[in-house]
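# Structural characterization, general
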Amino acid sequence: MSDQNRLGVFKTYKLYVGGKFPRSESGRVYEVTDSKGQWLANAPQSSRKDARDAVVAARKAFGGWSGATAYNRGQVLYRVAEMLEGRKEQFVREVAASEGLSKSKAAAVVDAAIDRWVWYAGWTDKIGQISGGANPVAGPFFNLSTPEPTGVVAVLAPQKSSLLGLVSVIAPVIATGNTAVVITSADAPLPALSLGEVLATSDVPGGVVNILSGATAELAAPLAAHQDVNAIDLTGAGAELAKELEIAAADNLKRVLRPQPAEADGSDASTDWLAAPGTHRLTAFLETKTVWHPTGALGASGSSY
C-alpha cells in the first residue's frame with residue numbers, strides 16, 4: 001500500500017507520573033506548534049492535582065532510589081543514554097520541530113543530550129569524593145562528612161532548550177539520589193514527554209522522574225508551596241515568577257537553585273547548554289551529614305583506630 005493511501009497515525013502525548021502514562025486529571029490539552037506556528041500535537045495540560053500526584057509518586061520512590069548504590073545509579077543513567085541512542089531519529093525530528101533547528105543542528109543537540117546522560121552516569125560514584133571527606137579534629141575522634149540526597153526536587157525545565165537543557169537539569173538531580181517532579185517547557189514539551197517513554201523503558205524505577213506539561217506558573221506555585229517538596233530548581237522561571245516561588249519555598253526551608261543571569265528572563269536563550277556542565281548542579285541538591293566517632297585502644301599495645 002502506498003503512503004498516500006495510509007491513514008495518518010498521530011502520536012498521543014501523555015504525562016509520565018509514577019512510571020505510568022496518565023492523561024491530565026483535568027482532561028485538558030493544549031495545542032503545541034512549531035516555530036512557524038504549524039500544529040504539531042496536543043499536549044496534556046496538567047492540573048494542580050497532577051502536580052500533587054507527582055509529588056506522592058516521587059516521595060514513594062525516594063527511599064529505594066536514594067538507598068541504591070551510587071554505582072547502580074550510574075548503570076541506570078547509562079542505560080537511559082543507550083535507549084535514547086536507539087530512538088535518536090525520533091528525537092531529532094521533535095527537537096528540530098520544537099526549536100526551529102535544521103536537521104543537522106538538531107542531531108548535534110540530541111547527540112549532546114545522550115552524552116550528557118553518560119557524563120552524569122560517570123559522576124554518580126565519584127561526587128562523594130569531592131564533596132565529602134575526613135575532617136581533622138583535635139581529639140580522639142573520627143569526623144567524617146558525607147553527601148546525601150536532599151529528597152524530592154521540583155525542576156522547572158528550560159523554556160527554549162527542549163531536550164539538552166531538560167536533560168542537563170534532570171540528570172544531576174537523580175544522579176545524586178534525589179527524585180524529581182519536572183515541569184516541561186510550556187511551548188516545547190514534546191521532547192520531554194517522549195523522554196518519559198525512554199525512562200519507562202530504561203531501568204529507572206517508576207516515580208524517580210515525573211514529567212508534567214502545561215503552564216509553568218500554574219504548576220510551579222503548588223510545588224513551591226508543597227510541604228513534601230524539599231528543593232526547587234527555578235531554571236525555567238522568569239525573574240518575577242522566580243521571586244514569587246522563592247517566597248513560597250521559604251515556608252519549609254526548601255533548597256532553591258536560582259536561575260543563572262543568562263536564564264533570568266525565563267527564556268534561557270543565551271544559555272550555552274552545549275558547554276561542559278561542571279559539578280555545580282550535582283552538589284546543588286546534596287546535604288552534608290557529619291558523623292563523629294570516638295577512637296579506641298586496641299589491645300595491650302595501646303594502638304588506636
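Residues numbered from 1 in each chain as written. Predicted model: local features only at pLDDT ≥ 70, side-chain atom pairs only at ≥ 80, totals over all residues. Heavy atoms only, no water.

## Concerning the overall build of the protein
- Looking only at helices and strands, the protein has ten helices and twelve strands in total.
- Over its C-alpha trace the protein gives a radius of gyration of 21 Å, about what one expects of a compact globule, namely 19 Å for 305 residues.
- Its C-alpha atoms put the protein at 90 × 40 × 35 Å along the principal axes.
- When the 305 residues of the protein are sorted by exposure, 47% land in the buried category.
- Considering only contacts within the protein whose residues lie at least 6 apart along the sequence, 77% involve residues at least 24 apart.
- Surface accessibility of the protein: about 14,200 Å² in total, with carbon and sulfur atoms responsible for 54%. (Helix = DSSP H or I, 4+ residues; strand = E, 2+ residues; numbered from the N terminus. Rg over C-alpha atoms; globule rule 2.2 N^0.38 Å. Buried < 20%, exposed > 50% of the residue type's maximum accessible area, 1.4 Å probe, protein only. Contact = heavy atoms within 4.5 Å. Areas by Shrake-Rupley, 256 points an atom, 1.4 Å probe, with all protein chains shown as cover.)

## Details of the sheet that holds strand S4 (residues 141-149)
- Strand order in the open sheet formed by three strands is S3-S4-S10, with antiparallel pairing between adjacent strands. The open sheet has two free edges, formed respectively by strand S3 (133-134) and strand S10 (286-294), since each of these has just one partner strand.
- Here S3 pairs with S4 via two bridges, running antiparallel. By the bridge assignment, Gly-133 is partnered in S4 with Ser-145. (Pairing = 2+ DSSP bridges.)

## A closer look at the packing of helix H8 (residues 216-225) against helix H9 (residues 239-249)
- The geometry of H8 relative to H9 is characterised by a closest axis approach of 8 Å and an angle of 20° between their N-to-C directions. Taken as axis vectors, H8 and H9 run roughly parallel relative to one another. As for how H8 packs across H9, the hand of that crossing is right-handed. Residue-level inspection shows Thr-216, Ala-217, Ala-220, Ala-221, Ala-224 and Ala-225 of H8 in contact with H9, the latter providing Leu-241, Leu-245, Ala-248 and Ala-249.
- Here the residues of the contact of H8 with H9 are counted per class, giving nine nonpolar, one polar and no charged. (Axes fitted to C-alpha atoms, helices over the stretch in contact; angles between N-to-C directions. Parallel < 35°, antiparallel > 145°, perpendicular 65-115°, else oblique. Left-handed = near helix turned anticlockwise from the far one by under 90°. Nonpolar A, V, L, I, M, F, W, Y, C, P; charged D, E, K, R; others polar.)

## Focus on unusual backbone geometry
- Within the chain, Leu-253 stands out as a residue other than glycine whose phi angle is a positive 55°.
- Structurally, Leu-253 can be placed in the loop between H9 and strand S9 (255-257).
- Take Leu-253: its relative accessible area is 76%, and that puts it in the exposed class.

## Points about the packing of aromatic side chains
- In this structure the tally under the stated criterion is three aromatic pairs.
- Centre to centre, the rings of Phe-10 and Trp-39 are 5.8 Å apart; their planes meet at 75°, and the pair counts as edge-to-face. A residue pair is termed long-range when its members are at least 10 positions apart, and Phe-10 in the segment before strand S1 (29-33) and Trp-39 in strand S2 (residues 39-44) qualify at 29 residues.
- Judged by relative accessible area, which is 64%, Phe-10 ranks as exposed.
- Residue Trp-39 is classed as partly exposed on the basis of its relative accessible area, which comes to 41%.
- Taking 6.3 Å as the distance between ring centres and 55° as the angle between the ring planes, the aromatic pair formed by Trp-119 and Trp-123 counts as tilted. Placement of both Trp-119 and Trp-123 in helix H4 (residues 103-123) is noted, with a separation of four residues, approximately one turn of the helix.
- Overall, Trp-119 belongs to the partly exposed group, its relative accessible area being 33%.
- A cation over an aromatic ring shows up here: Arg-59 above the ring of Phe-62, its NZ or CZ 5.6 Å from the ring centre. (Phe/Tyr/Trp six-rings, centres within 6.5 Å; stacked < 30°, edge-to-face > 60°. Lys NZ or Arg CZ within 6 Å of the ring centre and 35° of its normal.)

## Some details on the environment of Pro-140
- Along the chain, Pro-140 falls in the loop between S3 and S4.
- A residue is classified by how much of its surface remains accessible, and Pro-140, at 52% relative accessible area, is exposed.
- Taking the C-alpha atoms as reference, Pro-140 lies 63 Å from Gly-100; in sequence the two are 40 residues apart.
- Excluding residues within four positions of it along the chain, Pro-140 makes contact with His-293, Pro-294 and Thr-295.

## Some words on helix H3 (residues 88-99)
- The terminal C-alpha atoms of H3 lie 16 Å apart, and with twelve residues this matches the ideal 16 Å at 1.5 Å per residue to within 8%.
- For H3, the full list of buried residues reads Gln-90, Phe-91, Val-92, Glu-94, Val-95, Ala-96 and Ser-98.
- In the core, the buried residues of H3 are packed alongside helix H2 (70-86), H4 and helix H7 (190-200). (Expected span 1.5 Å × (residues − 1).)

## Examining the packing of H2 against H4
- At a minimum axis separation of 8 Å, H2 and H4 run at an interaxial angle of 170°. One way to sum up the angle between H2 and H4 is to call them roughly antiparallel. Note on element contacts: H4 touches H2 through Ala-113, Ile-114, Trp-117, Val-118, Tyr-120 and Ala-121, opposite Gly-74, Leu-77, Tyr-78, Val-80, Ala-81, Leu-84 and Glu-85.
- For the contact of H2 with H4, the residue count by class is eleven nonpolar, one polar and one charged.

## Some thoughts on the sheet that holds strand S5 (residues 152-156)
- Taking strand neighbours across the sheet as the criterion, the five strands line up as S7-S6-S5-S8-S9 in an open arrangement whose pairing is parallel. Looking at which strands have only one partner, the edges of the open sheet turn out to be strand S7 (209-212) and S9. Here the average twist between neighbouring strands, direction ignored, is 15°.
- Relative to the sheet, helix H6 (residues 164-175) contacts S5, strand S6 (179-183), S7 and strand S8 (231-233), its axis offset from that of S6 by approximately 160°.
- Those strands touched by H8 are S5, S6, S7 and S8, and its axis lies near 150° from that of S6.

Any functional reading would require information that these geometric values do not contain.
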